[in-house]
Amino acid sequence: MLLYPGMTALDVVGPQGLLAGLAPGSLHLVARTPGPVPSDTGLSLLATTSFADCPSELDVLFVPGGDGTPAQMRDAATLAFLRDRASRARWVTSVCTGSLILAAAGLLDGYRATSHWCVRESVLPLLGAIPVDERVVFDRDRITAAGVSAGLDFALALAARLRGEDYARTAQLVAEYAPQPPFAAGSPAMASPGTTRAALAILGDLVAEARAAATGRAR
């Protein structure tokens with residue numbers, strides 16, 4: 001699981017909480033160097049492994065999203081690490097705008113993929129991916145999930161592929177994952193125009209910076 005400055009902590013912590021039992025002692029939180037890595041809200045997560053020390057062959061390679069996405073789309077060391085490990089990984093995966101980082105590494109060219117709604121249609125195609133408006137998208141050995149909270153859906157879907165549906169159902173029950181949100185505003189299709197405008201005002205810089213990073217990507 002990749003960590004980088006400005007990631008969204010829930011993108012990592014949600015899937016990690018559901019998947020840790022599948023990989024006791026072998027789930028690596030990877031960053032350029034080990035140590036605390038600040039999220040986009042200031043909460044730090046602890047990287048346990050460096051790029052150099054991360055195992056060369058992985059069952060799952062995972063990339064979270066967050067405000068730091070555009071910087072990672074331009075970061076040569078991160079992109080090189082992802083290309084190398086993806087070449088041997090069983091599954092190459094992301095949550096939220098993590099798919100833009102995978103795509104910037106050339107890992108979603110021609111693949112159906114999703115991302116956070118604010119960049120799915122506007123930025124993913126610039127990077128060679130085929131945008132899909134679904135919560136979790138499987139295309140061959142790629143798995144991408146929509147924004148933030150979709151990380152829980154992603155983790156259960158992946159757990160089912162790795163260990164079977166009975167295991168995934170049990171993990172869901174242990175987590176008591178039975179969402180009943182207090183508002184019907186979790187997507188632009190459900191939210192009011194005013195709510196969507198307010199969300200875009202918050203997300204505007206991320207969208208603009210991600211578009212600029214995608215447009216400037218060397219091909």
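Look up: the structure comes first, before these words.
Described in the following lines is the structure provided in the data block. The structure presented is a predicted model; accordingly, all values stated were derived computationally and were not measured.

### Describing the side chain of T49
Relative to the elements of secondary structure, T49 occurs in strand β4 (residues 49-50). Residue T49 is classed as buried on the basis of its relative accessible area, which comes to 8%. Reaching out from T49, the side chain makes a polar contact with the side chain of H28 at a distance of 3.5 Å. Those residues in contact with T49 that lie beyond four places of it in its chain are H28, L29, V30, A31, P34 and C54.

### Quick notes on helix α6 (residues 150-163)
Between its terminal C-alpha atoms α6 stretches 20 Å, which fits the 20 Å expected from 14 residues at 1.5 Å a residue. Considered for burial, the residues of α6 that qualify are A150, G151, F154, A155, L156, L158 and A159. Those residues of α6 that are buried lie in contact with α1 (9-19), β5 (60-63), β6 (91-95), β9 (136-139), β10 (142-145) and α7 (165-174). Following α6 by one or two positions, G164 adopts a phi angle in the positive range, close to 110°.

### Description of the sheet that holds β5
Pairing is mixed across the open sheet formed by four strands, whose spatial order is β5-β6-β10-β9. The open sheet has two edge strands, β5 and β9, and neither has a second partner. On average, each strand axis in the sheet is inclined to that of its neighbour by 15°, with strand direction left out of account. Note that β5 and β6 share four bridges and pair parallel. What sits directly across from V60, in β6, is W91.

Conventions we followed
- Residues numbered from 1 in each chain as written.
- Predicted model: local features only at pLDDT ≥ 70, side-chain atom pairs only at ≥ 80, totals over all residues.
- Heavy atoms only, no water.
- Helix = DSSP H or I, 4+ residues; strand = E, 2+ residues; numbered from the N terminus.
- Buried < 20%, exposed > 50% of the residue type's maximum accessible area, 1.4 Å probe, protein only.
- Polar contact = N/O pair within 3.5 Å; in protein donor to acceptor, adjacent residues only side chain to side chain.
- Contact = heavy atoms within 4.5 Å.
- Expected span 1.5 Å × (residues − 1).
- Pairing = 2+ DSSP bridges.
- Axes fitted to C-alpha atoms, helices over the stretch in contact; angles between N-to-C directions.

It is worth stressing that arrangement in space is one thing and function is another; only the former is reported here.
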